[in-house]
Amino acid sequence: MQINKLSLQNFRNYSEQEIAFAPDCNVIVGENAQGKTNLLEAIGYLSCGRSARARKDSELISFGRSECALRGEIFSRNRSFLVEIFLSAGKRRKMSINQVSAKRASDLSAVLGTVFFCPEDLLLIRDGAAARRRFMDRALCQLRPRYEAALSEYTRAYEHKTRILRDSEEYPGLLDTLPEFNERMARSGAVLIYYRARFCERLKEYALIAHRECSGGREELSLSYETVRTVTDPFAPPDTVYSQLQQHQAEHDRAERMARMCLSGPHKDDISVCIGGVAARAFSSQGQTRTAALAFKLAERDIFKELTGEAPLLLLDDVLSELDPRRQEYVLNRISGGQVFITCCEEDRLGTLLGGKVLHVSEGSVR
Ligand code: ATP
Ligand code: MG
C-alpha cells in the first residue's frame with residue numbers, strides 16, 4: 001500500500017499544500033519547528049482517524065482557522081482510493097472514501113495502515129503499562145474493526161462508571177446503575193482480551209526474531225500478555241472470559257465503592273517483557289530496552305503484513321538519530337519492501353544513505 005499524494009488545507013502550520021510522494025522512501029528534511037512531524041501526523045490521521053499526539057481533533061486546525069481538510073490519494077488492495085477528512089471546530093468530523101461517507105475510523109484503516117515510530121516510543125518497555133496498552137490499541141484498532149468498536153464501548157462504560165463511583169458520596173442513588181456498566185465493561189472487555197491475547201502471541205514470535213537479530217544473537221526477548229487475574233486462559237471463548245470478568249468485578253465491588261475508583265477490568269492490562277530471562281523494566285540496561293522497543297515496532301509492521309498481505313506505511317519521526325549506528329543499520333536493512341517516511345533535521349548521511357525522494361520543509365511549506 002502507498003500514499004501517492006497528500007493535500008492539506010489549514011492543517012497545523014500548513015495553510016495550503018499538495019505533496020507527491022515516492023512509492024518507496026521519502027526523506028523529510030527541515031530545521032526544528034518547520035512542520036516535519038505535522039506531515040507524518042497528517043498521514044497517520046488518514047490511516048486511523050486519530051493523531052498520535054493531539055488530545056483533541058481541534059488542535060489539528062491551524063491557529064485562527066475554524067476548519068481544516070486532509071486528502072490522500074492511496075493505492076492499496078490493487079485499487080485507488082481518495083480519502084478525505086474535514087474537521088471543523090465544534091462540529092462532527094466528516095470522512096469519506098471515494099466520495100462515500102465513512103462513519104468509523106476502521107473504515108479508514110481498511111484502506112491505509114501506518115506504523116508510527118518516534119523517539120518517545122523508545123521508552124515503550126521502560127514506561128508504565130499505559131504505554132504498552134496504547135501500543136496494542138493503536139495496532140489492533142487498525143487491524144480489527146471489531147476491536148475498535150469494543151474499545152470505544154469499553155472506554156465509554158469505564159468513564160461513566162468512574163464518574164458514578166466518584167460522585168457516589170454526594171449522590172448514593174447513582175450506585176444503583178453500576179450493574180449496567182459492569183455488564184457493558186465485561187461484555188466489551190472480553191472482546192479486548194480476545195484480540196490482545198492473539199496479538200501478543202504474534203508479537204512474541206516476531207519481536208523475538210527482531211530482537212535477536214538486532215542484538216547480534218546475544219539476547220533472548222520474551223513477553224507475555226497480562227490481564228485480569230480471574231481470566232485463567234485469555235484464549236478461551238469470549239463468553240467464558242466474560243463470566244470470569246464478572247467474577248472479578250464481584251470480588252472487587254466493595255473495594256471499588258470504598259476507593260471510589262474502577263479497579264476491575266482490562267484497562268489495567270500490560271505486556272510483561274523479559275530480556276535474557278530477567279524482567280526488563282527492573283533490570284535491563286537502556287540499550288537493551290531500546291532494542292526491545294525497536295523490536296516491538298518492527299514486529300507491529302510484520303504482524304500487519306501477515307494479516308493484511310500488504311506492508312503498512314512506516315512513519316519514522318526523528319527516530320534514527322536516536323539510535324546508535326548498529327541499530328540504525330539494522331532498521332535501514334529492515335525497511336525495504338514498503339513505503340517509508342523518515343524525518344531528520346539535516347540531509348546528512350541518512351538522507352544519502354537512504355536514497356529516495358527528499359522533501360524540504362520550511363515554515364509549513366514543502367519544496
Ligand atoms: P522538530 O524538528 O523540532 O521536531 P518539526 O518540523 O517536526 O520540528 P512540527 O512538530 O511539525 O515541527 O511543528 C511545526 C510547527 O507547527 C510548530 O512551531 C508549532 O507551533 C506549529 N503548530 C502546531 N500546531 C499548530 C496549529 N494548530 N496551527 C498552526 N501551527 C501549529
Ligand atoms: Mg518533529
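Residues numbered from 1 in each chain as written. Chains lettered and ligands numbered in written order. Predicted model: local features only at pLDDT ≥ 70, side-chain atom pairs only at ≥ 80, totals over all residues. Heavy atoms only, no water.

Moving on: unusual backbone geometry. Phi angles above zero are rare outside glycine, and A33 is one such case at about 60°. With respect to the helices and strands, A33 occurs in the loop between strand 3 (25-29) and helix 1 (36-48). What makes A33 exposed here is its relative accessible area of 77%. A positive phi is found at Q99, a non-glycine position, where the angle reads about 70°. Here Q99 lies in the loop between strand 6 (94-97) and strand 7 (100-101). (Helix = DSSP H or I, 4+ residues; strand = E, 2+ residues; numbered from the N terminus. Buried < 20%, exposed > 50% of the residue type's maximum accessible area, 1.4 Å probe, protein only.)

Taken together, 15 residues form the shell around ligand 1, and within it N32, A33, K36, T37 and N38 come nearest. At a separation of 2.9 Å, an oxygen atom of ligand 1 approaches a polar backbone atom of N38. Taking R53, its side chain carries an N or O atom lying 3.3 Å from an oxygen atom of ligand 1. (Near = heavy atom within 4 Å. Polar contact = N/O pair within 3.5 Å; in protein donor to acceptor, adjacent residues only side chain to side chain.)

Let us look at the side chain of E310. Here E310 shows up in the loop between helix 8 (286-308) and strand 12 (313-317). For the buried E310, which has no salt bridge, the nearest side chain bearing the opposite charge is R77, at an N-O separation of 5.9 Å. From its side chain, E310 meets the backbone nitrogen of R77 in a polar contact 2.9 Å long. (Lys, Arg positive; Asp, Glu negative; His and termini not counted. Salt bridge = Lys/Arg side-chain N within 4 Å of Asp/Glu carboxyl O.)

Let us look at helix 1. Because each turn of an α-helix spans 3.6 residues, side chains separated by three or four positions end up pointing in the same direction. Taking 1.5 Å per residue, 13 residues should reach 18 Å; helix 1 reaches 19 Å between its end C-alpha atoms and fits that length. Phi turns positive, to about 65°, at G49, one or two residues after helix 1. (Expected span 1.5 Å × (residues − 1).)

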